[in-house]
Structures are given as structure tokens and as C-alpha cells.
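So you can see what is in the structure, the chains are spelled out below.
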Amino acid sequence: KKGITHNNQRLTIDKIHTVRVTKSNSWVSVILHEGKNKEIKKFFETIGHPVLKLKRVKFFFLTLEGLEQGEYRFLTKEEVKKLKNLL
């Protein structure tokens, strides 16, 4: 909850929980309030747990729901408007 310091930069995670653990890997769900450049990778590297794969599943109100791996879709006018209002 207090976060950690990496190269004089404060890194914090809002929520984290373990999804699955095997002999060679762990899968965790991480929620950030504000994601700085490579923050999750730096955080886990600092505590000795390097990140092999990272998947963003949500950005504000946008999710991957309904998309297959490798698929994309264009944002609706309403989504663009919502994102602009967040700035």
C-alpha cells in the first residue's frame, strides 16, 4: 500500500491480487490509478519478480470485451467525446 521507490520514482499500485500460481509463473491482476511509463514492469522488477508478459484489459471505460486476440475496433464518436472530456 505504501508503494516502492525505483530510481527515485515513487511507484504505487491501487489493488493487486493473485489470479494463478504454477511452479514457474504467477498471474496477478493489478489496478493502477495512474500508469506511468512501464510502471508495472519496474515495480515487479524492483521486488525481484520480472514481468514476462503484460496485458492491458481496461483503459478508463474501454475494455477488450467482444474482441478476439489481434482484433481491434475504431472508437465510437461517443467514446472519443468521453475521452476528450477526461483531459
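Summary of the structure given here. (Residues numbered from 1 in each chain as written. Predicted model: local features only at pLDDT ≥ 70, side-chain atom pairs only at ≥ 80, totals over all residues. Heavy atoms only, no water.)

## Some remarks on the nonpolar core
- Counting six residues, the largest nonpolar core is built from Ile-4, Leu-11, Ile-13, Ile-40, Phe-43 and Phe-44.
- In terms of residue count, the dominant contributor to this core is helix α1 (residues 39–46) (three residues).
- If near-sequence neighbours (up to four positions away) are discounted, Ile-13 is found in contact with Val-30, Ile-31, Leu-32, Phe-43 and Phe-44. (Core = buried A, V, L, I, M, F, W, Y, C linked by side-chain atoms within 4.5 Å. Buried < 20%, exposed > 50% of the residue type's maximum accessible area, 1.4 Å probe, protein only. Helix = DSSP H or I, 4+ residues; strand = E, 2+ residues; numbered from the N terminus. Contact = heavy atoms within 4.5 Å.)

## Focus: the pairing of strand β3 (residues 15–21)
- Of all seven residues making up β3, only zero are buried, and the element is barely covered by its neighbours.
- Inspection of the sheet shows β3 paired to strand β4 (residues 26–31) by six bridges, in the antiparallel sense. Across the sheet, the residue bridging to Lys-15 is Ile-31, located in β4. (Pairing = 2+ DSSP bridges.)

## Description of the pattern of salt bridges
- Applying the stated criterion across every chain, the model contains one salt bridge.
- Arg-73 serves as the salt-bridge partner of Glu-79, at 2.7 Å between the closest nitrogen and oxygen.
- For Arg-73, a relative accessible area of 38% corresponds to the partly exposed category. (Salt bridge = Lys/Arg side-chain N within 4 Å of Asp/Glu carboxyl O.)

## Quick word on α1
- Every buried residue of α1 is listed here: Glu-39, Ile-40, Phe-43 and Phe-44. All buried residues of α1 project into a common sector of 120° when viewed along the axis, lining one side.
- If you follow the buried residues of α1, they end up packed against β1 (4–6), β2 (9–11), β3 and β4.
- The first or second residue beyond α1 is Gly-48, which carries a positive phi of 80°. (Arc of directions from axis to C-beta.)

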